[in-house]
Amino acid sequence: MGAPVLLLSFPCSAGPFLVCRDDLGARLPFFPGLSLLGHGLGQRLRSPLVAAWLKKIFGDHPIPQYEVNSRTTEILYHLSERNRLRDRDVCLVIEDLKQKASEYESEAKHLQDLLMGSVNFSPANLSGAGSRYLNALVDSAVALETKDSSLASFIPAVNDLTSDLFRTKSKNEEIKLELAKLEKNLTATLVLEKCLREDLKKAELHLSAERAKVDNRLQNMDFLKAKSEEFRFGIRAAEEQLSTRGMDASLSHQSLVALSEKLAELKRQTIPLKKKLESYLDLMPNPSLAQVKIEEAKWELDAIEAELTKKVNMMEL
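These numbers were taken from a predicted model, which means no experiment stands behind them.

Caption draft 1: A look at the overall build of the protein chain. Secondary structure assignment for the protein chain yields 6 helices and 2 strands. Taken from N to C terminus, the helices and strands of the protein chain fall in the order β-β-α-α-α-α-α-α. Counting every position in the protein chain, which comprises 317 residues, the buried fraction comes to 13%. Accessible area of the protein chain: about 25400 Å², with a carbon and sulfur share of 61%.

Shown next, in the form of structure tokens:
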């Protein structure tokens, strides 16, 4: 048995004490909560056993220093017990393997003697082709993991291998179908991705055009705002200028609009009067009275038109 491998090192006053792993790779457990014997009897009985076990384990290697007390002695003692039990199990396995190897050698020698005694056959007497066939038979038995090279062992092994082959082929067919389905889905996904990319490109172009329109409208709106402010200032300046020149309020735009509306209202009111007048045209008129009424109406109409013309002319000046 080789030297153990250092796994854990715990500091103490006399140096580290170890938790080891044996040469088979098994990790030997650490028992921190084990009940300890008295500081006298337990340590005196187990210290020699622990020292002998450490000397056996490390061999020519120096034993690492550790704090010698009841705790470390107890831990190392349990490690030594585990190691001893593991060595015993390994020895039993080795002995069993040796016994099986001896039985196989005896069986092989018996079969060889049987062949030599019955048919005077020996593998050394085989031809090159026979040796190759025999080696192929042995390799087949090893590959199929049969207990021997008899036909009764080969047929079930071949059947099992054939069943595995069929299962593998069936699994491969399922995988191929699944792969074909995935390829179909992948193709559809790629086509959809291409369409989405084209739609996205069109949307980006449309968005760019709309953004340009919005920018243009914003510029026009800014221009219109500036012009509106300019006109507002111009109107205010013109009103101030007219006010300083003493312009009559009746000549303002609002007054003229009001007069125009009043004139339109008067014309609208004269329409039913004209219709009423038409009903009297068939009667014999009093020439003198009719002439007076007509002259009065013409005079009123000419006065209104003259006043409106005067105000319009003053507004144009």
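Caption draft 2: Structural detail: helix α3 (residues 128-144). Here α3 contains 17 residues, and its C-alpha end-to-end distance of 24 Å stays within 8% of the 24 Å for a straight helix at 1.5 Å per residue. One or two residues past the end of α3 sits E145, with phi positive at roughly 60 degrees.

Caption draft 3: Structural view of a nonpolar patch on the surface. Taken together, L134, L137, V138 and V142 make up a surface patch of nonpolar side chains, about 310 Å² in accessible area. Structurally, V138 is set in helix α3.

Caption draft 4: View of the confidence of the model for the protein chain. Confidence in the prediction of the protein chain, expressed as mean pLDDT, is 77, and 76% of residues score 70 or more. Mean pLDDT values over the elements of the protein chain span from 37, in strand β1 (residues 5-10), up to 89, in helix α4 (residues 151-244). Counting contacts from residues 1-41, a segment whose pLDDT is below 50, to residues more than four positions away or on other chains yields 83 contacts.

Caption draft 5: Region of the structure containing the nonpolar core. The biggest cluster of nonpolar side chains holds 9 residues, and these are V50, W53, L54, I57, F58, I75, L76, Y77 and L79. Secondary structure elements with two or more residues in this core: α1 (41-58) and α2 (70-118).

Caption draft 6: Representation of the pattern of salt bridges within the structure. Within the structure shown, the criterion is met by 10 salt bridges. One salt bridge connects D164 with R167, and the closest N-O pair in it is separated by 1.9 Å. One end of the pair is D164 and the other is R167, both in helix α4 and 3 residues apart, which spans about a single turn. For E229, the salt bridge goes to R232, with nearest N and O atoms at 2.8 Å. Of this pair, E229 and R232 both sit in helix α4, 3 residues apart, which is roughly one turn of that helix. Residue E229 is classed as partly exposed on the basis of its relative accessible area of 37%. Of the residues examined, R232 reaches a relative accessible area of 38% and is grouped as partly exposed.

Caption draft 7: Representation of the packing of α3 against α4. Across the interface, α3 lies against α4 with an axial gap of 10 Å and an inter-helix angle of 55 degrees. Accordingly, the angle class assigned to the pair α3 and α4 is oblique. In terms of crossing hand, the pair formed by α3 and α4 is left-handed. Across the interface between the two elements, L137, S140, A141 and L144 from α3 touch F154, A157, V158 and L161 from α4. Looking at the contact of α3 with α4, its residues break down into 7 nonpolar, 1 polar and no charged.

Each value, and the rule that gives it
- Residues numbered from 1 in each chain as written.
- Predicted model: local features only at pLDDT ≥ 70, side-chain atom pairs only at ≥ 80, totals over all residues.
- Heavy atoms only, no water.
- Helix = DSSP H or I, 4+ residues; strand = E, 2+ residues; numbered from the N terminus.
- Buried < 20%, exposed > 50% of the residue type's maximum accessible area, 1.4 Å probe, protein only.
- Areas by Shrake-Rupley, 256 points an atom, 1.4 Å probe, with all protein chains shown as cover.
- Expected span 1.5 Å × (residues − 1).
- Patch = residues over 30% accessible without salt bridge, like charges linked within 9 Å, V, L, I, M, F, W, Y side chains within 5 Å.
- Salt bridge = Lys/Arg side-chain N within 4 Å of Asp/Glu carboxyl O.
- pLDDT = per-residue confidence, 0-100.
- Contact = heavy atoms within 4.5 Å.
- Core = buried A, V, L, I, M, F, W, Y, C linked by side-chain atoms within 4.5 Å.
- Axes fitted to C-alpha atoms, helices over the stretch in contact; angles between N-to-C directions.
- Parallel < 35°, antiparallel > 145°, perpendicular 65-115°, else oblique.
- Left-handed = near helix turned anticlockwise from the far one by under 90°.
- Nonpolar A, V, L, I, M, F, W, Y, C, P; charged D, E, K, R; others polar.

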